[in-house]
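Working through the structure, step by step
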Amino acid sequence: MPELKYLVFLGCVIPYRVSSYEISARKVLDKLGVELVEMPEFNCCGFPMDPINHDLMLTMAAQNLCLAEQQNLNIMTLCNGCFGVLNHVNKELKEDKKIREKVNEYLKEIGMEFKGTITVKHLIHVLAQDVGFEKIKDAIQKPLNPLRVAQHTGCHVVRPGQIVGFDDPENPTTLKKLIALTGAKCLDYMDETECCGNPTSGVNSEIPLQLAREKLDHVRAVGAQALITVCPFCHMMYDLQQTRIERKFNEKFRIPVLHYPQLLGLAMGMSPNELALKDLRVDASELVSLL
Amino acid sequence: MSKNKETQEKEIGTEMVLKMSDIDPKFKYEISKLPGAEKVMLCFQCGTCTADCPIARFDDFYRPRKLIRMTQLGLKDKLLSNDVIWLCSTCFTCIDHCPQDVGIASIVRVLRNLTVKERNMPVVYEELASNIRKTGYAYVIPGLRLKKREEEGLPSLPKANLENLAKLFKATGLSKTLEKEGT
């Protein structure tokens, strides 16, 4: 069994707006025997800089990877975007000598060098592959049998399939299996793999809202009582923006959007307060009262 | 993004007639030398990318297939002067579904990088770059949040090495771009 110790890469969105994800993830991982080490130093993964300067994105990601190499620890991210970039760059630099040399040339400026000694994982990889389903199953104290939920895995944790090489990007099932462990029923719905649209919101606020509205509509259509996410950026689109979507399209969803560790934590017997459920914009108290 | 439909149509080339003077015949060769756009010539215009694109479903002008065709034709000016290339949400569905493995989202990224280098960038990216340069984080995290972290028992946030970041901004040429933009 691999050592359950990771350098936790929080990214920017979580400390900015989505602490409830971090709080619940730390609580749950601690109970599952996963040790998290803080980054000694941090800069953004590089994702937001890719559209304007690809080399800067590569170098910012590589700098974070070098910090992990110095600690001799694998990285665990909570954010799909951070995972996508750090994992992609890590693989590209390991495999492509030409790009590695170019990036190392930039890194020389700050006295660093990419060596390629670590791997990058997302929370759901850590849970599914390293902690393992059995151990999670053993930790369940209060199965959430009455609940019927839907999941949104998001994009960068499975796509591009050739690079991520985890799960089936056309029909990802890992999060569904993780949800099933909690005792909650995970419902299928239309267009599960559709993007939340949030990366577009910086230049166009309409399209992401339409995409999110459609997602919430499909989730509601199957009678799901909550939507479960594993990315702070997707979560913002469905939770933080839900009231705005309701107002704009004259809809009434009121679908609580929980981070997966919140759902798991409830099943592990933790209290809603411990798991920061009160920090969610869409009130989840009715959902909790069903348990 | 506030342009009216006619202006947009004009710029993105929905007009039927292409003028020879709009075409830069060398563009496709230049583009295919850039990392990420190597396979632009492999696109045979099947349209799978566009059919599966979440943004194309909700926007009248964003058509990945068309952007690739315009690149192949050398309509550089039309491509680089249009806001539409900034709409891609990088869901990478087009990368996974393309039967020719063209890497469409990567080509869109190359087009964006080129636009930034030769022209300008959307304001939001200036802001993100400026935040990162000043704090290491893409968003300026309010002091109240930092205080709340303490109350919630969360570890303090790791600090950025701003000196190193400044060096990387400079080495990769973004500092220069931002100076040009006046940020």
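Residues numbered from 1 in each chain as written. Chains lettered and ligands numbered in written order. Predicted model: local features only at pLDDT ≥ 70, side-chain atom pairs only at ≥ 80, totals over all residues.

Focus: the domain arrangement of chain A
Residues and elements named next belong to chain A. For chain A, the assigned domains read domain 1 (5-123) and domain 2 (133-289). At the junction of the two partners, domain 1 supplies 25 residues and domain 2 supplies 28 residues. Elements supplying a minimum of two residues to the side of domain 1 that touches domain 2: helix H1 (13-17), helix H2 (19-31) and helix H4 (80-95). For the side of domain 1 that touches domain 2, the leading source of residues is H2, giving nine residues. Looking at the side of domain 1 that touches domain 2 residue by residue, the class counts come to 12 nonpolar, nine polar and four charged. (Domains from an automatic or database assignment. Contact = placed C-beta atoms within 7 Å. Helix = DSSP H or I, 4+ residues; strand = E, 2+ residues; numbered from the N terminus. Nonpolar A, V, L, I, M, F, W, Y, C, P; charged D, E, K, R; others polar.)

Description of the nonpolar core
In this structure, Ala61, Ala62 and Leu86 of chain A together with Ile104 of chain B are the most contacted members of the largest nonpolar core, which totals 147 residues. Ranked by residues supplied to this core, first place goes to helix H3 (residues 54-71) of chain A with 10 residues. Leave out the neighbours within four places in its chain, and Ile104 of chain B touches Cys49, Pro64, Ile68, Cys94, Ile95 and Cys98 of chain B. (Core = buried A, V, L, I, M, F, W, Y, C linked by C-beta atoms within 7 Å. Buried ≥ 20, exposed ≤ 12 C-beta atoms within 10 Å, placed from the backbone.)

Side note on the environment of Ala212 of chain A
By secondary structure assignment, the location of Ala212 of chain A is in helix H10 (residues 206-221). Setting aside residues no more than four positions away along its own chain, Ala212 of chain A makes contact with Cys196, Gly197, Met237, Tyr238, Gln241 and Ile245 of chain A.

Side note on H4 of chain A
Residues and elements named next belong to chain A. Spanning 16 residues, H4 covers 22 Å between terminal C-alpha atoms, matching the ideal 22 Å at 1.5 Å per step. The buried count for H4 comes to 12 of 16 residues, which makes it a mostly enclosed element. Where H4 is concerned, the buried positions are Asn80, Gly81, Cys82, Phe83, Gly84, Val85, Leu86, Asn87, His88, Val89, Asn90 and Leu93. (Expected span 1.5 Å × (residues − 1).)

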